[in-house]
Amino acid sequence: METMARVRLLGLGNELLADDAFGIRVAREVHRRLGPGADIVTSSAAGFHLLDDIVGAEHLVVVDTVQTGSARPGALRILHEDQVRPMPDGSPHFLGLFDVLRAARKLGLQVPADVTIIAVEASDCITVGGTMHPDVEAAIDQAVELSGRLLRVDEACRARS
Amino acid sequence: MATATSIESKRRITIDPITRLEGHGKIEIFLDSKGDVERAFFQVPELRGFEKFAQGRQAEDMPQITSRICGVCPTAHHMASTKALDALYGVTPPPAARKIRELVYNTFMVEDHALHFYFLGGPDFVVGPTAPAAERNVLGVIAKVGVETATKVIAMRRRLRELMALAAGKPIHPVFGVPGGVAKALSRENAEQFRIVADEAVQFARFTLGLFEKVVLANSGYVDLIRSDLFTHRTYYMGLVDEKNHVNFYHGQLRVVLPDGAEWARFSPDRYQDFIAEHAEPWSYMKFCYLKTPGWRGFADGPQSGIYCVAPLARLNAADGMATPLAHEAYLKYCGTLGKPVHQTLANHWARLVELLYAAERMKQLADDPEITDTTVRAIPTAAPREGIGVVEAPRGTLFHHYQTDEHGLITKANLIVATQNNAARIAMGIDKVARGLVKASTVDDGILNMVEMAFRAYDPCLGCATHALPGSMPLFVLLRGPNGAVLTTLRRDGDGAIHRD
């Protein structure tokens, strides 16, 4: 691409694991609506594997599932990076996306300065080949709308400049 | 042994990070009537339904499906699965195919071990176990090793990824393994690219071992911690070895050594069911692997208990050395310092670096081998499929894929044993030991969170469902419950490391 993408949509998840398909399905639908010009990637990977997906974007919209236990399945939340507190001692195995981001910034790599997370409360992400919870599936549309809007605003800005 | 009902009536402490986004491991500590630890458990939510999902699918799809299940080491699943297909169709890959597979596999091991040491295990040993929680993260590691070194790690990773994409089709989820070989030959030009990066990887691994000596071994506090009895268990050890009993990640025989280091068994991986069984506990979905002959004797170490251990520490214990010269030198130094077998769980970090050097040297050996560019890379299966077992050493330990099919190659039965299952009993023992040492008369010391976590962090347990990772906004907490289930005390640690009692 000749110009660097301003906003990239990153759909995280795993289509084989019930509700975890959410981020992937949202990304695919946004891609269908906005066409090939939009910068949309998906990943089922974790930790540093995600580095390749975030390098080169100015802003990042992440669509993913969360399980906090404090909301009903299908509830959507929009979070910004600074609202998410890192856990200092989780498993070392699963380096978080924001750990990767912070490390990449520290090392001077070209990674997004701004991250928006669209997170859906999931009910089951461990059943291989499982079906999505109906309320989680129903939230796909709204997440597509939200992330599509974020990408379109970006397009409009670029058209003006 | 505690049962589900008796457990309910115990005082109970739970350490639960809640959100799967940071991994879903959960530690529960049950207290007796005096408030001392009766039993501490480590639980991980295993993926469910894999067997049912696999049934009726074409066996050839398994290397793709299984590598997609795991977001952390897809290459290991792809390779174990591909080897299971070789066995299923009774076909032996041509030498070049076997070498290409092993080359890609070692490339993957270099990447995984390097990232693990610097960015995942680093907070414990590079930054330090007693450093403030706020510094015990990736940024703390970068601050300690310097931006230049960290940049080197990231650059190394990128080059390794490019090689994997070159030889395996895709960088993260390889697509090159097929029953009887690989999908494409390695060109001379590609082999040369591997040679160049392998040389850099060897230098990089030596540099990293040097750093380990400087930062960790020169610090008597760290060495004392590695040697500490709190993190020591005298169990059996298992790993793949070559014909000279040297460590091999891709192929060989499974060798098991006794807690005193003597060989207990050496067998072809397809006979694993003759040696390994699984034990169920009412409190865990995860089954605990153990050796059949000593048998299940509860969560105890020693030669009378069938509990064994896998992963770098275990692989080095189960072998007589490394197959490459520099790594063997590093191996001798490691054994010279810690003895053999090494029972100290935290030595896994050092063992991992010995393996890092081996993987880099092995890359070089394979890339230098003129046979690797031979264009015969596939033997076409002709036998009717029935049953196949494939085993590799994943970064975190021995990984088994076992499939049975009908005569059309459709899966009728599929079983995976992942590294963490092999280690589950020892991990549980480790947590129990630390909890017993630190929780007395219902008093939970604030430092227990870190110490208990260190007890399982060294194994780098695979928390199956956490396929990707956004940081959780939930704090880590400990619940102290009375016999009636009421919460007596809550110990909560926030993201900034501050600990609160409610």
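Everything numeric in this text was worked out from a predicted model, so none of it was measured.

### Section: helix 9 (residues 188–217) of chain B
Residues and elements named next belong to chain B.
At step 1: Between the first and last C-alpha of helix 9 there are 41 Å, a value that for 30 residues agrees with the 44 Å anticipated at 1.5 Å per step.
At step 2: Listing the buried residues of helix 9 in full gives Phe194, Val197, Ala198, Ala201, Val202, Phe204, Ala205, Thr208, Leu209, Phe212 and Val216.
At step 3: Turning to helix 9, the residues buried within the fold contact helix 5 (95–120), helix 6 (122–127), helix 8 (147–168), helix 10 (220–227), helix 13 (325–338) and helix 14 (348–368).

### A few points about the environment of Gly177 of chain B
Residue and element names in this part refer to chain B.
At step 1: Here Gly177 shows up in strand 4 (residues 177–178).
At step 2: The spatial distance from the C-alpha of Gly177 to the C-alpha of Val127 is 39 Å, given a sequence separation of 50 residues.
At step 3: When residues no more than four places from it in sequence are discounted, the contact partners of Gly177 are Pro63, His78, Met79, Thr82, Arg101 and Val182.

### Examining the sheet that holds strand 8 (residues 263–267) of chain B
Residue and element names in this part refer to chain B.
At step 1: Taken together, the 4 strands give an open sheet; going across it, the order is 8-7-6-11, and neighbouring strands pair in mixed fashion. A strand with exactly one partner marks an edge of an open sheet, and here the two such strands are strand 8 and strand 11 (308–309).
At step 2: Bridge count between strand 6 (residues 236–241) and strand 7 (residues 253–257): 5 bridges; the pairing is antiparallel. Across the sheet, the residue bridging to Tyr237 is Val257, located in strand 7.

### Points about helix 3 (residues 97–106) of chain A
At step 1: Along helix 3 of chain A, the positions that sit buried rather than exposed are Leu97, Asp99, Val100, Leu101, Ala103 and Ala104 of chain A.
At step 2: Each element contacted by the buried residues of helix 3 of chain A is listed here: helix 2 (51–54), strand 3 (59–66) and strand 5 (114–121) of chain A together with helix 5 and helix 7 (138–145) of chain B.
At step 3: Directly beyond the C-terminal end of helix 3 of chain A, a positive phi value near 75° is found at Gly108 of chain A.

### Details of the confidence of the model for chain A
Residues and elements named next belong to chain A.
At step 1: Confidence in the prediction for chain A averages 83 pLDDT; 83% of positions are at 70 or higher.
At step 2: Least confident of the elements in chain A is helix 5 (residues 140–160), whose mean pLDDT is 83; most confident is helix 4 (residues 134–138), at 98.
At step 3: When the criterion is pLDDT under 50, residues 87–93 qualifies, and its contacts beyond four places in sequence or with other chains add up to 37 contacts.

What counts and what doesn't
- Residues numbered from 1 in each chain as written.
- Chains lettered and ligands numbered in written order.
- Predicted model: local features only at pLDDT ≥ 70, side-chain atom pairs only at ≥ 80, totals over all residues.
- Helix = DSSP H or I, 4+ residues; strand = E, 2+ residues; numbered from the N terminus.
- Expected span 1.5 Å × (residues − 1).
- Buried ≥ 20, exposed ≤ 12 C-beta atoms within 10 Å, placed from the backbone.
- Contact = placed C-beta atoms within 7 Å.
- Pairing = 2+ DSSP bridges.
- pLDDT = per-residue confidence, 0-100.

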